[in-house]
Amino acid sequence: MSAVRAPRVLRAEQVSIPAGHGLWRLPMISGAVGLVGLVLAFAFRGGDPKQFAFSWLFAFLFFLSLALGALFFVLIHYATQAGWGIVVRRLAENTMATVPVFAVLFIPLLMGMSDLFTWVHGVAEGKDHLLMSKAPYLNTSFFVIRAAIYFTAWSAIAFYFFRRSRAQDATGQTSVSLTLKRISGPAIIVLALTQTFAAVDWIMSLDPGWYSTIFGVYWFAGSFVSFFALMTLMVVGLQRAGLLTEIIGLEHFHDLGKLLFAFTVFWAYIGFSQFFLIWYGNIPEETIFFRHRLEGSWKAISLLLAAGHFIIPFFFFMPRTIKRKPRLLALGAAWMLAMHAVDIYWLVMPLQHPHGFSISLLDVAAFLAVGGVFFAVLSRLMLGAPLVPVGDPRLPESLSFENV
Amino acid sequence: MTPALILAEFSTPAALYRGCERVRDAGYTRWDAHSPFPVHGLDGAMGMKRSMLPWIILVLGLGGAATGFLLQAWVHSMAYPLTISGKPHFAWPAYVPITFELGVLGGALAAVFGMLGLNQLPRHHHPIFDGSRFSRFSDDAFFISIEAADAKFDREATAKLLSAAGATHVEIVPETP
Amino acid sequence: MAPIDENDRYDPVAGRPTLILGGHDFHSITEAVARPVEGKTPLAWWLCFLPSLALLGLLGVAVSWLFWEGIGVWGLNVPVGWAWDITNFVFWVGIGHAGTLISAILFLFRQKWRTSINRAAEAMTIFAVMCALIFPGIHVGRVWVAYFMFPIPNQMGMWPNFRSPLLWDVFAVSIYGTVSALFWYVGLIPDLATMRDRAKTAVRQRVYGFFALGWRGSNRHWQHYEVAYLTLAGLATPLVLSVHSIVSMDFAVSQIPGWHTTIFPPYFVAGAIFSGFAMVITLMVICRSAFGLDQIITLRHFDYMAKIILVTGTMVGYAYGMEFFIAWYSGSPYELFTFTNRAMGPYAWAYWTMISCNVISPQVFWFKKARTSIPILFVMSIFVNIGMWFERFVIIVTSLHRDFLPSAWSYFRPTIWDVSCLLGSFGLFFTMFCLFVRFLPMVATAEVKTVLPQADPHAHPPDHAPATARLAEEGAH
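Numbering of residues starts from 1 in every chain and runs along the sequence as written. Both sets of labels track the order of writing: A upward for chains, 1 upward for ligands. At least 70 in pLDDT is required for a residue's local features to be given in this predicted model, at least 80 for side-chain atom pairs to be given and counted, and no such filter applies to totals for whole chains, interfaces and linings, which use all residues. Heavy atoms throughout the structure, all of them, feed into the side-chain values; hydrogens and water do not.

Caption draft 1: The arrangement of the overall build of chain C in detail. By definition, any uninterrupted DSSP run of H or I lasting at least four residues is a helix, any uninterrupted run of E lasting at least two residues is a strand, and each is numbered from the N terminus. Within chain C, the regular secondary structure consists of 15 helices and one strand. Throughout, the radius of gyration refers to the C-alpha atoms, and the reference size of a globule is 2.2 Å times the residue count to the power 0.38. Relative to the globule expectation of 23 Å for 477 residues, the C-alpha radius of gyration of chain C, 24 Å, shows essentially globular dimensions. If you line up chain C on its principal axes, its C-alpha atoms span 75 × 70 × 45 Å. Note on exposure labels: buried denotes an accessible area under 20% of the residue type's maximum, exposed denotes more than 50%, and partly exposed covers the range between, all computed with a 1.4 Å probe on protein chains only. Put simply, chain C has 477 residues, and 60% of those count as buried. The contact criterion used is simple: two residues touch if any of their non-hydrogen atoms lie within 4.5 Å. Pairs at least 24 residues apart make up 80% of the contacts formed inside chain C by residues separated by at least 6 positions. Only the protein chains shown count as cover for residues, and all accessible areas are computed by the Shrake-Rupley method using a 1.4 Å probe. Taken as a whole, chain C presents about 17800 Å² of accessible surface, with 69% of it coming from carbon and sulfur.

Spelled out as structure tokens, the structure:
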């Protein structure tokens with residue numbers, strides 16, 4: 001394969017979904033699923049508002065982490081001037097642009113705050129000395145203000161990059177790429193800080209006595225690997241629908257496979273660091289986190305996470321041949337998404353079901369609700385513009401990219 | 001003099017690449033290309049199969065890791081058990097660092113010595129070093145060498161093939177006496 | 001040599017900025033890199049080598065005195081049982097990591113610009129690891145039973161404690177040194193062949209030839225070679241992460257506030273890369289002007305290195321922030337005290353040196369002008385290393401000198417022998433590095449050749465505008 005080709009002229013039907021294609025129905029189908037989920041979830045909410053809140057948090061965190069993973073991918077892509085992934089960047093942009101919707105999806109969590117977070121009552125009562133020392137941070141109003149800051153920051157960054165990239169489709173101006181590159185650096189810092197504190201607020205404070213400095217990084221690692229999994233599935237799915245077949249090739253899949261491998265290992269590294277240091281130091285305030293997750297049938301979930309989120313994918317994504325077979329990659333990617341769901345479940349649910357895991361109908365309903373809305377918005381965005389940033393001046397480099 | 005091999009010089013990586021394709025297509029099996037750096041895609045142009053080194057590395061790497069883990073487990077559970085910070089004797093999380101490091105060491109040693117073994121290096125003497133211009137292979141020249149032991153080797157025909165393939169200089173290199 | 005404009009922003013073949021300036025071809029690269037090794041020793045080299053040798057002598061004296069008199073010659077006390085010794089250990093290991101990052105991680109990321117600096121960076125790693133390993137070796141007190149650390153049969157039927165992070169260090173750092181040396185050597189083989197083939201004296205030919213192993217540039221050899229290289233890169237990457245994570249665990253597995261915190265492993269790794277790149281910049285600024293290699297090690301290379309410093313410095317700043325926040329959030333008075341003590345206690349001067357050097361000063365690298373200004377790069381690289389030395393010092397000493405029990409609080413002051421050991425270790429490092437640049441090609445010649453446009457067998461003649469894909473007019477959306 002040559003390192004450069006004559007200017008490629010992309011035909012419209014390669015990069016946009018033709019009218020009448022089945023994919024045009026996707027927003028409606030997803031929306032319908034979402035609606036079913038919403039109806040079910042809210043119908044059963046009255047019976048067990050606490051379970052509803054936890055189920056909704058689980059679903060919310062899972063899908064939000066995909067959107068935030070996409071956001072980080074786009075930013076890091078501009079910052080490092082990576083060449084291979086321009087063909088897939090538009091898919092990431094579409095994913096990250098769903099972030100503002102999560103601000104709306106956050107509302108049920110606000111409604112269920114006192115069910116989720118024991119510190120809401122605890123701080124109001126004022127009796128627990130330890131909790132009161134955290135009250136300047138863990139209080140309802142500051143919590144809401146911080147959430148507003150996170151969503152504002154994420155939406156602003158996502159929208160800006162999303163719209164400038166789309167505008168570049170028509171103009172092909174290099175100045176757009178240069179501007180986005182320049183602000184991607186500060187944007188990454190903002191994202192890192194907001195995502196960290198979102199993890200602190202929404203996951204770590206579920207047990208207000210527990211703390212871990214690496215926690216933000218842990219959630220970030222999971223969100224990034226699951227985003228690559230989602231992207232792999234999106235690409236394979238689109239190619240099976242007859243799109244992007246001449247644009248995204250084995251070389252790109254190979255890279256996606258490498259990234260899935262690398263970030264699976266990264267997640268395991270972060271997760272093990274956290275576990276190992278807490279295990280070794282053996283300090284009760286810290287070990288309680290793992291004590292909860294080794295209780296009853298949670299132990300099986302912990303083992304599943306170690307084996308399924310690390311050991312199996314480590315050996316699965318290692319061989320070069322697997323990375324160059326899109327069907328197998330897609331299988332691995334679907335597995336990683338499932339494992340990410342297990343990870344989020346394992347983070348959140350032990351507070352609701354301390355003695356063992358038990359899947360409730362509300363978990364399924366909330367998952368369908370949030371997921372349906374997420375995919376409806378995502379697919380609508382996908383339909384609205386070319387599937388590939390056709391105006392990016394470095395697109396040819398990505399098209400003719402070749403692996404070692 | 002007994003010829004050992006025929007040596008053809010090429011001036012650019014592109015010329016070498018095309019030359020290799022010709023030699024491969026002509027059916028030669030005992031031949032090689034020489035360059036100051038690895039030329040992209042030349043493995044395919046020479047019709048080479050994939051290297052088996054990754055398997056050697058995987059096996060020895062996992063072997064190293066397993067050795068490390070078993071050693072630690074045996075030492076702390078059987079050979080010299082001590083109660084350390086109140087943890088059980090079989091404290092597998094604490095075995096992870098050394099297990100990992102020994103796995104990496106195993107893989108690295110396998111990579112280096114496996115590579116040298118597969119390349120049959122060190123080999124300080126080889127007839128090709130007698131080629132008059134061969135020393136430039138490590139600077140900026142590119143070569144194809146076809147062994148006389150190859151079934152299709154023929155002084156004139158092979159030399160003609162190489163010249164037609166774009167060689168700038170062709171010579172017969174004798175066996176070292 | 002084809003004329004190429006120094007300000008040419010695009011390599012006409014790949015659409016990427018030109019890495020090697022001055023229109024070099026394969027031969028001129030060989031010449032440029034081999035010249036410093038073959039010519040007369042420049043005066044500048046002696047000016048670096050002799051003072052380094054003197055400092056190496058100082059190290060010999062300091063270590064000998066230490067063995068003779070004991071650890072008491074250092075300023076250690078109770079509770080501060082670790083100070084400069086372990087600070088220096090972590091400092092040197094950290095510096096080594098940048099070499100591996102450049103060799104291995106940038107290779108995996110297909111960053112071609114690494115080829116100009118990876119040989120020197122890998123050498124730097126090996127010498128840094130040598131310096132690092134001195135300190136755990138000499139700080140044990142009873143050096144004559146240092147073999148206790150290794151799992152070898154001994155007269156007491158005793159095994160080392162594999163569960164201790166100190167033993168993980170023994171394995172991790174020595175394996176890291178071994179793998180780095182192997183990686184460096186493998187990369188050297190083709191270049192040693194070049195030196196062998198150019199050698200004018202029999203001694204040089206024999207010595208280079210011996211170590212070149214009879215390399216003849218065979219593509220069948222290159223195939224296995226590339227697999228080995230890629231695998232070594234793939235192994236060295238997690239190795240780098242694991243080694244400095246294990247070093248961080250010397251502290252993190254304890255229960256001491258300021259030490260026991262889950263973010264240490266990735267935070268230490270980021271800090272190591274941060275300081276290592278700074279050292280690479282320091283060395284490259286000196287070497288490229290001393291040896292006339294500024295067309296191979298260009299301002300663009302420094303631009304990228306400065307960006308990495310900015311990124312990793314920001315990660316370190318993030319970790320500082322998280323530690324501080326969680327110290328408060330945890331509600332543990334010991335945690336919070338440790339951090340306020342750092343900023344406002346007796347070692348505040350060390351803390352604020354660290355903050356200014358590590359967090360504030362690298363911000364200058366947001367500006368491209370700073371990233372491509374040699375004086376700023378040189379000064380900044382030294383500041384970063386000062387800051388990173390102080391970071392380890394602050395972590396170790398502030399947490400030890402005032403932990404849970406106020407009656408056990410104390411203050412640590414270094415002695416002349418602490419200082420001598422540190423200065424002496426720089427002597428070892430620079431002596432080795434001077435010898436390296438004098439006798440071995442300090443740029444990976446074969447690798448640099450692969451990034452020249454003419455190395456691509458499918459290169460088309462240059463066409464100056466990078467190709468742009470456009471939608472066909474008909475059916476445009």
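Caption draft 2: Quick look at the side chain of Glu323(C). On the secondary structure map, Glu323(C) appears in helix α9 (residues 299-329). Charge convention: Lys and Arg are scored as positive, Asp and Glu as negative, and His as well as the terminal groups of each chain are ignored. Put simply, a salt bridge is a Lys or Arg side-chain nitrogen that is within 4 Å of an Asp or Glu carboxyl oxygen. Put simply, Glu323(C) is tucked away with no salt bridge, and the nearest opposite charge, on Arg342(C), sits 4.3 Å away. With residues up to four places along the chain from it excluded, the contact list for Glu323(C) reads Thr213(A), Gly258(C), Thr261(C), Ile263(C), Phe264(C), Tyr267(C), Phe339(C) and Arg342(C).

Caption draft 3: Spatial organisation of the pattern of salt bridges. Summed over all chains, the structure comprises 19 salt bridges over all chains. A salt bridge links Arg30(B) to Glu147(B); its shortest N-O distance comes to 2.9 Å. Remark: Glu147(B) occurs in strand β3 (residues 142-147) and Arg30(B) occurs in the loop between α1 (13-25) and β2 (31-34); sequence separation between them is 117 residues. In this structure Glu147(B) comes out as partly exposed when scored by relative accessible area, which is 32%. Salt-bridge contacts for Asp303(C) lead to Lys368(C); the nearest nitrogen and oxygen are separated by 3.3 Å. Note that Asp303(C) is positioned in helix α9 and Lys368(C) in helix α12 (residues 368-371), a separation of 65 residues in sequence. Overall, the relative accessible area of 4% leaves Asp303(C) in the buried class.

Caption draft 4: Up close: the packing of helix α2 (residues 43-69) of chain C against helix α14 (residues 416-439) of chain C. All names here are of chain C. Contact geometry for α2 and α14: axes closest at 6 Å, N-to-C directions at 140°. For the element pair α2 / α14, the angle class is oblique. Taken as a pair, α2 and α14 cross one another with a handedness that is left-handed. The classification used treats Ala, Val, Leu, Ile, Met, Phe, Trp, Tyr, Cys and Pro as nonpolar, Asp, Glu, Lys and Arg as charged, and all other residues, Gly among them, as polar. Classifying every residue of the contact of α2 with α14 gives 19 nonpolar, six polar and one charged. Helix axes use the C-alpha atoms of the stretch in contact, all axes being lines fitted to C-alpha atoms, and the angles between their N-to-C directions lie in the range 0 to 180 degrees. Just so you know how the angles are binned, under 35 degrees is roughly parallel, over 145 roughly antiparallel, 65 to 115 roughly perpendicular, and the rest oblique. A crossing counts as left-handed when the near helix is turned anticlockwise from the far one by less than a right angle, and as right-handed when that turn is clockwise.

Caption draft 5: Structural view of a nonpolar patch on the surface. Residues and elements named next belong to chain A. Residues Ile29, Val33, Val36, Leu40, Phe44, Phe357, Ile359, Leu361, Val364 and Leu368 make up a contiguous nonpolar surface patch of roughly 820 Å² in combined accessible area. Listed by contribution, the elements that provide at least two residues to the nonpolar patch are α2 (26-45) and α18 (361-383). Here Ile29 shows up in helix α2. Each patch groups residues whose relative accessible area exceeds 30% and which form no salt bridge, using 9 Å between like charges and 5 Å between nonpolar side chains of Val, Leu, Ile, Met, Phe, Trp and Tyr.

Caption draft 6: Spatial organisation of the nonpolar core. One finds Phe60(A), Trp154(A) and Trp202(A) to be the most contacted residues of the largest nonpolar core, which totals 360 residues. No other element matches helix α3 (residues 49-80) of chain A, which puts 22 residues into this core. Both domains that meet at this core, namely domain 1 (3-50 + 130-174) and domain 2 (53-118) of chain B, each give it at least three residues. With residues near it in sequence (within four places) discarded, Trp202(A) still touches Leu57(A), Phe60(A), Leu61(A), Leu64(A), Phe106(A), Phe117(A), Phe143(A), Ala147(A), Tyr150(A), Phe151(A) and Trp154(A). Among the buried residues, those of types Ala, Val, Leu, Ile, Met, Phe, Trp, Tyr and Cys that are joined through side-chain atoms within 4.5 Å form a nonpolar core. Domain limits in this description derive from either an automatic procedure or a database domain assignment.

Caption draft 7: Region of the structure containing the interface of chain A and chain C. The partner chain C presents 45 residues to the 63 residues of chain A that form the contact. Buried surface at the junction of chain A and chain C, summed over both partners, amounts to about 4500 Å²; 66% is from carbon and sulfur atoms. Here chain A and chain C share one salt bridge between them. A salt bridge links Arg110(C) to Asp255(A); its shortest N-O distance comes to 2.6 Å. Secondary structure elements with two or more residues in the side of chain A that touches chain C: β1 (9-10), α1 (12-15), α9 (129-134), α11 (174-202), α12 (215-240), α13 (250-281) and α19 (395-399) of chain A. The element contributing the most residues to the side of chain A that touches chain C is α13(A), with eleven residues. Computed with a 1.4 Å rolling probe, the buried area is the accessible surface lost when two parts are put together, summed over both parts.

Caption draft 8: View of the interface of chain B and chain C. Each side of the interface is counted separately: chain B has 70 residues, and chain C has 57 residues. When chain B packs against chain C, close to 5500 Å² is buried across both sides, 69% of that on carbon and sulfur atoms. Of all residues in chain B, Phe37(B), Pro38(B) and Glu101(B) give up the largest surface area on contact with chain C, accounting jointly for 11% of the area buried on that side. At the junction of chain B and chain C, the tally comes to zero salt bridges. For this analysis, a polar contact is any N or O atom pair within 3.5 Å, provided that within protein one partner can donate a hydrogen and the other can accept it, and provided that sequence-adjacent residues contribute only side-chain to side-chain pairs. In this assembly, chain B and chain C are joined by 27 residue pairs in polar contact (both at pLDDT 80 or more). If you tally residues by element for the side of chain B that touches chain C, the top one is helix α4 (residues 92-118) of chain B, at 17 residues.

Caption draft 9: Structural context of α2(C). Residues and elements named next belong to chain C. The span one expects for a helix is its residue count, reduced by one, times 1.5 Å. Helix length check: α2 (27 residues) gives 39 Å between terminal C-alpha atoms against 39 Å at 1.5 Å per residue, within 8%. Trp45, Phe49, Ser52, Leu59, Ala62, Val63 and Leu66 are the residues of α2 that are buried. In this structure, the buried residues of α2 make contact with α4 (118-138) and α14. Remark: Gly70 follows α2 within two positions and exhibits a positive phi of approximately 110°.

Caption draft 10: Main features of helix α5 (residues 165-198) of chain C. All names here are of chain C. Look at α5: 48 Å from first C-alpha to last across 34 residues, which is about the 50 Å you get at 1.5 Å a residue. Largest kink in α5: about 40°, centred on Ile189, with the proline Pro190 one to four residues after it. By the criterion of burial, α5 is predominantly enclosed, with 28 of the 34 residues buried. Between a side-chain oxygen at the N-terminus of α5 and the backbone nitrogen of Leu166 the separation is 3.1 Å; the capping residue is Ser164. One axis is fitted to the seven residues ending at the residue and one to the seven starting there. The bend at that residue is the angle between these axes.

Caption draft 11: Structural context of the confidence of the model for chain C. Residues and elements named next belong to chain C. Per-residue pLDDT for chain C has a mean of 89; in total, 92% of the residues score no lower than 70. This stretch, residues 1-9, has a pLDDT under 50; its non-local contacts, to residues over four places away or in other chains, come to 14 contacts. Overall, residues 461-477 carries pLDDT values under 50, and its contacts beyond four positions in sequence, including any with other chains, amount to 29 contacts. The complex model carries a pTM of 0.91, and its ipTM stands at 0.93. In predicted models, pLDDT denotes the confidence assigned by the predictor to each residue on a 0 to 100 scale.

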